[in-house]
Amino acid sequence: MANVIVGLKRYNKKDITKIIVMYDGISEQIQRQIESIWPGVVEFRYYGIQDFKKDYPGDIDKIPWPDNKRWGNGYILYAKFYIFELLKEFDSVLWLDSDMLVTRDIFDRALSFDYDMGGLYVKMHISQSRILKALV
């Protein structure tokens with residue numbers, strides 16, 4: 001996560017107003033250390049099991065949680081859907097996973113990708129004119 005923030009600060013400083021880190025189980029000491037990378041820009045927002053239960057109306061015991069320790073608490077994977085709540089605060093948002101490596105300005109050209117979702121083909125294009133205001 002720290003590497004992502006360092007890359008964003010180094011290559012995208014002029015375009016980013018806020019980096020929101022959704023978390024569960026990160027100590028306050030680690031939060032302060034990570035916030036110190038970019039004071040005033042990095043903000044932690046807690047997303048725990050109670051938040052997930054509010055968002056998910058069904059029986060959570062029937063959800064096939066990842067059986068891999070790498071994912072920690074399975075429900076944190078669903079924090080990415082919080083991005084829609086962030087659209088109430090920001091003009092636009094971009095979700096980045098904590099294992100991404102930023103090595104250049106991600107806003108210097110249009111963000112485009114093509115993705116095959118098992119038969120459903122998704123094409124995404126965000127023009128440079130739509131500057132992203134918050135990163136999650």
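In this report, we go over the structure that sits alongside the text. This one's a predicted model, so the numbers in the text were calculated from it and none came from an experiment.

## Looking at the pattern of salt bridges
Scanning all chains against the criterion turns up six salt bridges. A salt bridge links Asp15 to Lys14; its shortest N-O distance comes to 3.1 Å. Across the salt bridge formed by Asp51 and Lys54, the nearest N and O atoms sit 3.7 Å from each other. Placement of the pair is Asp51 and Lys54 together in helix α3 (residues 49-55), with a separation of three residues, close to one helical turn. Because the salt bridges share partners, they merge into one network encompassing Lys18, Glu43, Arg45 and Glu89.

## Section: the pairing of strand β1 (residues 18-23)
Summarising burial for β1: six of the six residues are buried, a large majority. Here β1 shows a buried face lined by Lys18, Ile20 and Met22 and a second buried face lined by Ile19, Val21 and Tyr23. Direction of pairing for β1 relative to strand β2 (residues 42-46): parallel, over a ladder of five bridges. Its bridge partner lying in β2, Met22 is registered against Arg45. Handedness of the crossover joining β1 and β2 through helix α2 (residues 28-35) is recorded here as right-handed.

## Re the packing of aromatic side chains
For the coordinates displayed, the defined rule picks out two aromatic pairs. Consider the rings of Tyr23 and Phe44, whose centres lie 5.6 Å apart with planes at 75 degrees: the pair is edge-to-face. Residue Tyr23 is found in strand β1, and its partner Phe44 is found in strand β2; the two are separated by 21 residues along the sequence. By the burial criterion, Tyr23 is buried, and Phe44 matches it. Put simply, the rings of Tyr23, Phe44 and Tyr46 pair up and form one aromatic cluster.

## Notes on a nonpolar patch on the surface
A cluster of nonpolar side chains, Tyr78, Phe81, Phe84 and Leu87, forms an exposed patch at the surface whose accessible area comes to about 420 Å². Along the chain, Phe81 falls in the loop between α3 and α4 (83-86).

About the thresholds
- Residues numbered from 1 in each chain as written.
- Predicted model: local features only at pLDDT ≥ 70, side-chain atom pairs only at ≥ 80, totals over all residues.
- Heavy atoms only, no water.
- Salt bridge = Lys/Arg side-chain N within 4 Å of Asp/Glu carboxyl O.
- Helix = DSSP H or I, 4+ residues; strand = E, 2+ residues; numbered from the N terminus.
- Buried < 20%, exposed > 50% of the residue type's maximum accessible area, 1.4 Å probe, protein only.
- Pairing = 2+ DSSP bridges.
- Right-handed = clockwise from strand over helix to strand, strands pointing away.
- Phe/Tyr/Trp six-rings, centres within 6.5 Å; stacked < 30°, edge-to-face > 60°.
- Patch = residues over 30% accessible without salt bridge, like charges linked within 9 Å, V, L, I, M, F, W, Y side chains within 5 Å.
- Areas by Shrake-Rupley, 256 points an atom, 1.4 Å probe, with all protein chains shown as cover.

As far as function goes, none of this settles anything; it's purely spatial.
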